[in-house]
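Structural description and commentary
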Amino acid sequence: MSITPPITTDTIHHLVPFARYLGVTFSTIEPDRVVARLSESGDLATIGGGVHGGALMALADISAAVVAVLASGDPTAAPATMQSSTNFLRPVHGAATAEARIARLGRSTVVDVELTDPAGELCALVRQIVTVRPG
């Protein structure tokens, strides 16, 4: 399978069923920037009603993988997260938004992801190293 234009949320859900399972949608899908949203869901909550950190990390991972493949220029490429570092700054109550951007493109692509809450407040910073293997 490969990512071919036009790239939509449905395209990504077909390639990454886990994204569909979580309810991740995409508003921006570009080679250097991806914006994804994790809808508010009680099933993803933790004590206190915030979105579970694991769900936020999954949102960041999915977003980073998509932007890494697009930036590689190879729509058949397969991403693999080599390293991920998450800094939680505050809880997310409600829908979470992830903005993934390429920090460095190469054999090991570095992607920075900012996670925000519905008010646009920064809630977590994620840096991932993603290797993109040719398709």
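Residues numbered from 1 in each chain as written. Predicted model: local features only at pLDDT ≥ 70, side-chain atom pairs only at ≥ 80, totals over all residues. Heavy atoms only, no water.

Attention now moves to the overall build of the chain. When helices and strands are tallied, the chain shows three helices and six strands. Helices and strands appear in the chain in the N-to-C order α-α-β-β-α-β-β-β-β. For 135 residues, the compact-globule estimate of 2.2 N^0.38 gives 14 Å, and the C-alpha radius of gyration of the chain, at 14 Å, lies within 12% of that figure. Considered along the principal axes of its C-alpha atoms, the chain spans approximately 45 × 25 × 20 Å. Burial status across the chain gives 40% buried among its 135 residues. (Helix = DSSP H or I, 4+ residues; strand = E, 2+ residues; numbered from the N terminus. Rg over C-alpha atoms; globule rule 2.2 N^0.38 Å. Buried < 20%, exposed > 50% of the residue type's maximum accessible area, 1.4 Å probe, protein only.)

For the rest of this paragraph, the subject is the pattern of salt bridges. For the structure on display, the rule yields four salt bridges. In this structure, Arg90 engages Glu121 in a salt bridge whose closest nitrogen and oxygen atoms are separated by 3.9 Å. Separated by 31 residues along the polypeptide, Arg90 in the loop between strand 3 (78-88) and strand 4 (96-104) and Glu121 in the loop between strand 5 (108-116) and strand 6 (122-133) bring together distant segments of the chain. Relative accessible area serves as the criterion here: at 42%, Arg90 is assigned to the partly exposed category. One network of salt bridges, in which partners are shared, links Arg33, Glu99 and Arg101. (Salt bridge = Lys/Arg side-chain N within 4 Å of Asp/Glu carboxyl O.)

To continue, consider the sheet that holds strand 5. Strand order in the open sheet formed by six strands is 1-2-4-5-6-3, and the pairing between neighbours is antiparallel. The two strands at the open ends of the sheet, each matched to only one other strand, are strand 1 (24-30) and strand 3. This sheet shows a mean twist of 20 degrees between the axes of neighbouring strands, independent of strand direction. In this fold helix 3 (residues 53-72) packs onto strand 1, strand 2 (33-38), strand 3, strand 4, strand 5 and strand 6, with an angle of close to 40 degrees to the strand it touches most, strand 4. (Pairing = 2+ DSSP bridges. Axes fitted to C-alpha atoms, helices over the stretch in contact; angles between N-to-C directions. Contact = heavy atoms within 4.5 Å.)

Here we come to a nonpolar patch on the surface. Judged by side-chain polarity, Leu89, Leu122 and Leu125 come together as a nonpolar surface patch covering roughly 230 Å² of accessible area. Counting through the fold element by element, Leu125 comes out in strand 6. (Patch = residues over 30% accessible without salt bridge, like charges linked within 9 Å, V, L, I, M, F, W, Y side chains within 5 Å. Areas by Shrake-Rupley, 256 points an atom, 1.4 Å probe, with all protein chains shown as cover.)

On to the pairing of strand 6, then. As paired elements, strand 3 and strand 6 share 10 bridges and run antiparallel to each other. By the bridge assignment for strand 6, Asn87 is matched with Leu125. Taken together, the nine bridges between strand 5 and strand 6 define a ladder with antiparallel strand orientation. Within the sheet, the bridge partner assigned to Val110 lies in strand 6 and is Ile129.

Here we take up the environment of Thr81. Mapped onto the elements of the fold, Thr81 is located in strand 3. Among the residues examined, Thr81 registers a relative accessible area of 37% and is labelled partly exposed. Between the C-alpha atoms of Thr81 and Ile129, which are 48 residues apart in sequence, the distance is 6.0 Å. Sequence-distant contacts of Thr81, that is, excluding residues within four places in its chain, are made with Asp61, Gln128, Ile129 and Val130. There is a polar contact of 2.6 Å between the side chain of Thr81 and the side chain of Asp61. (Polar contact = N/O pair within 3.5 Å; in protein donor to acceptor, adjacent residues only side chain to side chain.)

This next bit is on the nonpolar core. Counting 35 residues, the largest nonpolar core has Val24, Phe26, Leu38, Leu59, Val111, Val113 and Leu115 as the members making the most contacts within it. Elements supplying a minimum of two residues to this core: helix 2 (17-22), strand 1, strand 2, helix 3, strand 4, strand 5 and strand 6. Sequence-distant contacts of Val24, defined by excluding residues within four places in its chain, comprise Thr9, His13, Ala19, Ala36, Arg37, Leu38, Leu59 and Ile62. (Core = buried A, V, L, I, M, F, W, Y, C linked by side-chain atoms within 4.5 Å.)

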